[in-house]
Amino acid sequence: MFNTSNYHQILKELAPQQAALVAVSKLKSVEDILSAYQEGLRDFGENYVQELCSKQPELPHDIRWHFIGHLQSNKVKYIAPFVHLIQGVDSIKLLKEINKQAARNHRIIKCLLQVHIATEETKFGFNEEEILQINPSLYPHLDICGVMGMASFSNDTTLVKNEFINLKSIYDRLKITHQGISILSMGMSGDYKIALSVGSNMLRIGSLIFGTR
Ligand SMILES: *Cc1c(COP(=O)(O)O)cnc(C)c1O
């Protein structure tokens with residue numbers, strides 16, 4: 001169920017730095033999403049292609065759908081007609097495929113590059129060198145507009161903070177070399193306060209506003 005008071009609390013916290021909130025609605029019902037929509041939310045994040053494609057036609061068309069997880073190249077075609085922002089582009093192969101499907105749909109698709117910041121082995125993403133070498137002119141149907149990262153799943157707040165600081169500095173450097181970089185997507189239910197303190201301007205929050213999955 002949508003938790004209105006947690007939602008308003010988070011809005012207060014992110015207002016001073018004008019950060020955006022993406023409500024992560026994976027595994028949540030169309031009804032829950034509608035409740036959030038009625039409170040004014042327009043940005044929703046999903047990370048299963050099939051689930052996203054079945055919800056999208058049932059919900060208002062002014063919703064901006066964010067794809068937030070690991071995306072397989074062979075599934076890009078299903079979301080390319082409507083997706084607002086693909087967060088977590090983690091390979092050149094995927095960049096090429098999104099560019100191709102965007103062209104087919106006569107669209108420019110907005111993308112964030114996922115940076116591997118966690119010390120854990122399992123997280124997807126580019127490292128800093130790879131990110132700086134990406135040449136946006138090779139992907140005319142993409143609008144590469146920022147970076148996204150996930151910190152280690154850990155209670156060690158110093159570790160998490162340092163990982164976010166690392167992502168912020170990569171973002172700052174990318175802004176110098178690449179045009180149109182404006183989104184720094186970091187922070188989830190468990191670590192969004194740390195992310196905000198380090199300069200995040202887009203939070204992806206699920207369980208805190210929709211309850212546990
Ligand atoms: C599920 C998910 C979130 C939200 O997680 P919560 O802990 O529920 O806030 C954020 N980002 C990504 C990439 C996710 O997969």
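The model shown is predicted, which means the values in this text are computed figures rather than measured ones. (Residues numbered from 1 in each chain as written. Predicted model: local features only at pLDDT ≥ 70, side-chain atom pairs only at ≥ 80, totals over all residues. Heavy atoms only, no water.)

Asks: Which parts of the structure should I look at to understand the side chain of E97?
Replies: Structurally, E97 can be placed in helix α5 (residues 92-104). Owing to a relative accessible area of 17%, E97 belongs among the buried residues under this scheme. Those residues in contact with E97, other than ones at most four positions away along the chain, are S73 and V76. (Helix = DSSP H or I, 4+ residues; strand = E, 2+ residues; numbered from the N terminus. Buried < 20%, exposed > 50% of the residue type's maximum accessible area, 1.4 Å probe, protein only. Contact = heavy atoms within 4.5 Å.)

Asks: What should I look at first to understand the site of the ligand in this one?
Replies: Not every one of the 13 residues close to the ligand is listed here, only the nearest: K26, S189, G206, S207 and R213. Within the contact set of the ligand, a nitrogen atom lies 2.9 Å away from a side-chain nitrogen or oxygen of R204. A distance of 2.8 Å is found between an oxygen atom of the ligand and a side-chain nitrogen or oxygen belonging to R213. A total of 380 Å² of accessible area belongs to the ligand in isolation, and the protein chains cover 91% of it. For the shell around the ligand, the residue count by class is 6 nonpolar, 4 polar and 3 charged. (Near = heavy atom within 4 Å. Polar contact = N/O pair within 3.5 Å; in protein donor to acceptor, adjacent residues only side chain to side chain. Areas by Shrake-Rupley, 256 points an atom, 1.4 Å probe, with all protein chains shown as cover. Nonpolar A, V, L, I, M, F, W, Y, C, P; charged D, E, K, R; others polar.)

Asks: Is there a simple way to explain the pattern of salt bridges in this structure?
Replies: Side chains that differ in sign of charge can pair as their charged atoms come close. Taken as a whole and assessed by the stated rule, the structure comprises 8 salt bridges. The closest approach of N and O atoms between K55 and E46, which form a salt bridge, is 2.8 Å. No difference in accessibility class separates K55 from E46, as the two residues are buried. Among the salt bridges present, the one from E51 reaches K55, with a minimum N-O distance of 2.6 Å. With E51 and K55 both in helix α3 (residues 49-55) and 4 residues apart, the pair spans about one turn of that helix. Each member of the pair, E51 together with K55, is buried. In this structure, a network of salt bridges that share partners links the residues E46, E51 and K55. (Salt bridge = Lys/Arg side-chain N within 4 Å of Asp/Glu carboxyl O.)

Asks: For this particular structure, what's the right way to read α5?
Replies: In this model α5 runs 19 Å from its N-terminal to its C-terminal C-alpha over 13 residues, within 8% of the 18 Å that 1.5 Å per residue would give. Turning to α5, its buried residues number three or more, namely L94, L95, E97, I98, N99, Q101 and A102. Against the buried residues of α5 lie α4 (76-79), β4 (85-89), β5 (109-115) and β6 (142-149). Among the residues trailing α5, H106 stands out with phi positive, at a value near 55°. (Expected span 1.5 Å × (residues − 1).)

Asks: Would you take a moment to explain the state of the cysteines for this structure?
Replies: One pass over the full model with this rule turns up 0 disulfides. The closest cysteine sulfur to the non-disulfide-bonded C53 is located on C111, 16 Å from its own sulfur. C111 carries a free sulfur, and the closest cysteine sulfur to it, the one in C145, is 7.5 Å from it. (Disulfide = S-S within 2.5 Å.)

Asks: It is not clear to me how the pairing of strand β2 (residues 43-46) should be interpreted in this structure. Could you clarify?
Replies: Residues D43 and G45 point to one face of β2 and F44 and E46 to the other, with burial holding for every one of them. In this view, the connection linking strand β1 (residues 20-24) to its parallel neighbour β2 by way of helix α2 (residues 30-38) has right-handed handedness. For β2 and strand β3 (residues 64-67), the ladder comprises 4 bridges, and the chain directions are parallel. In the sheet register, D43 faces β3, and the bridge partner there is R64. After leaving β2, the chain enters α3 and then returns to the sheet as β3, a path that is right-handed. (Right-handed = clockwise from strand over helix to strand, strands pointing away. Pairing = 2+ DSSP bridges.)

Asks: What's the story with the nonpolar core in this structure? I'm lost.
Replies: As a rule of thumb, nonpolar side chains are buried together in soluble globular proteins. In terms of nonpolar packing, the biggest core is built from 62 residues, with L41, F44, I79, I86, I98, F164 and I209 touching the most fellow members. With 6 residues, the top contributor of residues to this core is helix α7 (residues 157-177). Leaving out residues up to four positions away in the same chain, I209 has contacts with M1, F2, N3, N6, Y7, I10, A23 and L41. Core analysis: the second largest hydrophobic core is formed by 7 residues, L85, L112, C145 and I183 among them. (Core = buried A, V, L, I, M, F, W, Y, C linked by side-chain atoms within 4.5 Å.)

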